[in-house]
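Tertiary structure, described
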Amino acid sequence: MSGLLQQPRFRRLRNRLLLALAVGLVVGILAASWQAGVTAGVLAAIADAVYQARRTSSVPAWRRSSVAERRTEAQLRKLERNGYRTLHARAIPGSEAQIDHLVIGPTGVYAVDSEKWDKRLPVRVQMGKNLFHGPFTMKERLTEARWEATQASELISKAYGRRVTVVPSLAIYGPPVPWKIMTIRGVDVYEGHRARRWITKRDRALTKEEIDRLYEIASQVLPPRYGDG
């Protein structure tokens, strides 16, 4: 049950309920009317649902193949000659979560989520741990990316018989990111064009045999989100 409650979908529902309760309580006290509080709480929940819906496309990824994902995939394809192997659009079993690109190579194992953000809104970080896109906090997106990588790490490690760390990241396309690479809440954040450099700049950690074995395991424990195609 605890694992189920940690899934991104349930966290969103929990956060929406807490938001509605908080808004309803504040408005109810200020207006001295429980009816006004209930109305405000319902409106807050609806507004949050609309905002989240706008952030998530209803068009299946296998039909739309986002620009951000294609750009990252093009970078990762160039790594193949250096011994890297990549799996795209891999599902986390038992959840709706997806890792856009799982990369396994000489320097380690990486989960890359490609993000296309509105270029008109600035990207900034506050206190070294709060990521914002314009006025919107990206805390939930960071939490999701970290959770996805953690789940992948646990699944791969269990099958491999040895601890395997999967490093999470967000590759952002659209607005300029005012830093090269920054770790925020355990997730590396950078402009999308830096994805390849982010992976290759580290020291060698895996042999070819280990890479091939980990790729085989990852292919099995992280199924394709949209079938074999």
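Not measured: the values here are computed from a predicted model. (Residues numbered from 1 in each chain as written. Predicted model: local features only at pLDDT ≥ 70, side-chain atom pairs only at ≥ 80, totals over all residues. Heavy atoms only, no water.)

Description of the nonpolar core
- Formed by 21 residues in total, the largest nonpolar core has its most connected members in Leu102, Ile104, Val109, Ile156, Val166, Leu214 and Leu222.
- Looking at this core, the elements that each hand over two or more residues are strand S2 (98-105), strand S3 (108-116), helix H6 (139-160) and helix H8 (208-221).
- Per-element tally for this core: the top contributor is H8, with 5 residues.
- Excluding residues that lie within four positions of it along the chain, Val166 makes contacts with Leu102, Val109, Tyr110, Ala111, Ala149, Ala152, Ser153 and Ile156.
- Leu76, Val112, Val167 and Ile199 belong to the second largest nonpolar core, which has 14 residues in total. (Core = buried A, V, L, I, M, F, W, Y, C linked by side-chain atoms within 4.5 Å. Buried < 20%, exposed > 50% of the residue type's maximum accessible area, 1.4 Å probe, protein only. Helix = DSSP H or I, 4+ residues; strand = E, 2+ residues; numbered from the N terminus. Contact = heavy atoms within 4.5 Å.)

Considerations on the sheet that holds strand S5 (residues 130-133)
- The strand order across the open sheet built from 3 strands is S4-S5-S6, with neighbouring strands paired in antiparallel fashion. At either margin of the open sheet sits one strand with a lone partner, and together these are strand S4 (123-126) and strand S6 (136-137).
- By the bridge criterion, 4 bridges tie S4 to S5 in an arrangement that is antiparallel. Looking at the pairing, Arg124 lines up with Phe132 of S5. (Pairing = 2+ DSSP bridges.)

Things to note about a nonpolar patch on the surface
- A cluster of nonpolar side chains, Trp34, Val38, Val42, Leu43 and Ile46, forms an exposed patch at the surface whose accessible area comes to about 530 Å².
- Counting through the fold element by element, Trp34 comes out in helix H3 (residues 34-55). (Patch = residues over 30% accessible without salt bridge, like charges linked within 9 Å, V, L, I, M, F, W, Y side chains within 5 Å. Areas by Shrake-Rupley, 256 points an atom, 1.4 Å probe, with all protein chains shown as cover. Salt bridge = Lys/Arg side-chain N within 4 Å of Asp/Glu carboxyl O.)

Details of helix H5 (residues 67-77)
- What H5 keeps buried is the set Ala68, Glu69, Thr72, Gln75 and Leu76. Angular distribution of buried residues about the axis of H5 spans 125°; they occupy a single face of the element.
- Against the buried residues of H5 lie strand S1 (85-91), S2, S3, strand S7 (166-173) and helix H7 (195-200). (Arc of directions from axis to C-beta.)

Concerning unusual backbone geometry
- Phi at Ala89 is positive, roughly 50°, even though this residue is not glycine.
- Within the secondary structure layout, Ala89 lies in strand S1.
- In this structure, Met127 is a non-glycine residue whose phi angle is positive, near 60°.
- Along the chain, the position of Met127 falls in the loop between S4 and S5.

Concerning the side chain of Asp100
- As for its position among the elements, Asp100 is in strand S2.
- Although Asp100 lies buried, it forms no salt bridge, and the closest oppositely charged side chain, Arg141, sits 5.2 Å away as judged by the N-O distance.
- Among the polar contacts listed, one links the side chain of Asp100 to the backbone nitrogen of Ser114, at a separation of 2.9 Å.
- Asp100 has contacts with Glu69, Leu87, His88, Ala89, Val112, Asp113 and Ser114, leaving out every residue within four places of it along the chain. (Lys, Arg positive; Asp, Glu negative; His and termini not counted. Polar contact = N/O pair within 3.5 Å; in protein donor to acceptor, adjacent residues only side chain to side chain.)

Quick word on the sheet that holds S1
- With mixed pairing, 6 strands are arranged side by side in an open sheet as S1-S2-S3-S7-S9-S8. Edge positions in the open sheet fall to S1 and strand S8 (182-184), since each of these has one partner strand only. Averaged over all adjacent pairs, the angle separating strand axes in this sheet is 30°, with direction ignored.
- As paired strands, S3 and S7 are joined by 8 bridges and run parallel to one another. Bridge pairing links Lys116 to Tyr173 in S7.
- Of the strands in this sheet, S1, S2, S3 and S7 are in contact with H5, which crosses S2 at around 5°. (Axes fitted to C-alpha atoms, helices over the stretch in contact; angles between N-to-C directions.)

Here's the deal with the confidence of the model for the protein
- Residue-level pLDDT values for the protein average 87, and 86% of them are 70 or greater.
- Throughout residues 53-65 the model reports pLDDT below 50, and contacts reaching past four residues in sequence, or to other chains, amount to 8 contacts. (pLDDT = per-residue confidence, 0-100.)

Some details on H8
- Between the first and last C-alpha of H8 there are 20 Å, a value that for 14 residues agrees with the 20 Å anticipated at 1.5 Å per step.
- Among the residues of H8, Glu210, Ile211, Leu214, Ile217, Ala218 and Val221 are the ones counted as buried. Looking straight down H8, one finds its buried side chains confined to an arc of 135°; they lie on one side. Residues Lys208, Glu209 and Gln220 are exposed on H8 and point more than 90 degrees away from its buried face.
- In this structure, the buried residues of H8 make contact with S1, S2, S3 and H6. (Expected span 1.5 Å × (residues − 1).)

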